[in-house]
Amino acid sequence: MAPDRRTMIVEAATKSFSLFGYKATTMDQVARLANVGKGTIYTFFKNKEELFEEIISKLVKEMIAEAEIVIKTGLPFTENVHRALTRLLAFRSQHQLMIKLVQEETEMGTLAVSEMLKHVEDEIIAYLRQKIEAAMAKGAIPAGNTEVISFLLLKMYIALVSDWERNHSPLSSEEIADVMKIFLLREGTK
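Residues numbered from 1 in each chain as written. Predicted model: local features only at pLDDT ≥ 70, side-chain atom pairs only at ≥ 80, totals over all residues. Heavy atoms only, no water.

Quick word on the nonpolar core
One finds Leu51, Ile56 and Leu153 to be the most contacted residues of the largest nonpolar core, which totals 54 residues. Mapped by element, the contributors of at least two residues to this core are helix H1 (5-24), helix H2 (27-34), helix H4 (48-70), helix H5 (77-94), helix H6 (96-108), helix H7 (111-137), helix H8 (146-163) and helix H9 (173-183). Counting residues per element, this core draws most heavily on H7, which supplies twelve residues. (Core = buried A, V, L, I, M, F, W, Y, C linked by side-chain atoms within 4.5 Å. Buried < 20%, exposed > 50% of the residue type's maximum accessible area, 1.4 Å probe, protein only. Helix = DSSP H or I, 4+ residues; strand = E, 2+ residues; numbered from the N terminus.)

Brief notes about the packing of H4 against H6
At a minimum axis separation of 11 Å, H4 and H6 run at an interaxial angle of 120 degrees. With respect to H6, the element H4 is oriented oblique. The handedness of the crossing between H4 and H6 is left-handed. Each of Phe52, Ile55, Ile56 and Leu59 in H4 lies in contact with H6, whose residues at this interface are Leu97, Met98 and Leu101. In the contact of H4 with H6, the residues fall into seven nonpolar, no polar and no charged. (Axes fitted to C-alpha atoms, helices over the stretch in contact; angles between N-to-C directions. Parallel < 35°, antiparallel > 145°, perpendicular 65-115°, else oblique. Left-handed = near helix turned anticlockwise from the far one by under 90°. Contact = heavy atoms within 4.5 Å. Nonpolar A, V, L, I, M, F, W, Y, C, P; charged D, E, K, R; others polar.)

Description of the environment of Leu160
As for its position among the elements, Leu160 is in helix H8. Here the alpha-carbon distance between Leu160 and Leu171, two residues eleven residues apart in the chain, equals 7.3 Å. Contact partners of Leu160, with chain neighbours within four places excluded, come to Leu171, Ile176 and Val179.

Examining H6
The end-to-end C-alpha distance of H6, which contains 13 residues, comes to 18 Å, matching closely the 18 Å that a straight helix rising 1.5 Å per residue would cover. Looking at H6, one finds that the buried residues are Leu97, Met98, Lys100, Leu101 and Glu104. Summarising the axial view, the buried residues of H6 lie within an arc of 165 degrees, below the 170-degree limit, and thus occupy one face. Exposed and facing more than 90 degrees away from the buried side of H6 are Thr106 and Glu107. Those residues of H6 hidden inside the fold are in contact with H1, H4, H5 and H7. (Expected span 1.5 Å × (residues − 1). Arc of directions from axis to C-beta.)

Brief notes about a nonpolar patch on the surface
Together, Val148, Phe151 and Leu152 line one region of the surface with nonpolar side chains, adding up to about 240 Å² of accessible area. Residue placement: Phe151 occurs in helix H8. Its relative accessible area of 38% is what places Phe151 among the partly exposed residues. (Patch = residues over 30% accessible without salt bridge, like charges linked within 9 Å, V, L, I, M, F, W, Y side chains within 5 Å. Areas by Shrake-Rupley, 256 points an atom, 1.4 Å probe, with all protein chains shown as cover. Salt bridge = Lys/Arg side-chain N within 4 Å of Asp/Glu carboxyl O.)

As structure tokens, this is what we get:
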């Protein structure tokens, strides 16, 4: 069976973006890594930006799947949100492509990378928002602005996991969960 050229191209581009970043990756590089002619890439993707979007879309699906794995029926909503966010941030901090993109944004400010990282953040917030809306509908947490709560949850986790550790001892998973309960998601009475 012949290899799927589209898949080979996406895998090669992912490898190139992970190693060299978005800006330094060329379609010639991707073609060499995929062992295809450069023209073959253009039969599947209009340009480097479209190829990058495809890879980021796949990455977001992987992140959401990782979060879903740790959500358990019967646990309190706050515990499930904490578990999902912990998994999402671990994925983000361990996935080579995400590490390289964050590094490139910080060091070079590449617009396409900034836009894609914003897209990833927006997708995570949308995912959290769905979970929060469902919990509110069940009475598990008090009603509120789900978009603001989702945004704050994500930013709070990033701040407590990354920013806090620059000048303080790392917080335990339980300490982070307690902060979340106190400030954002007081359990409902049901």
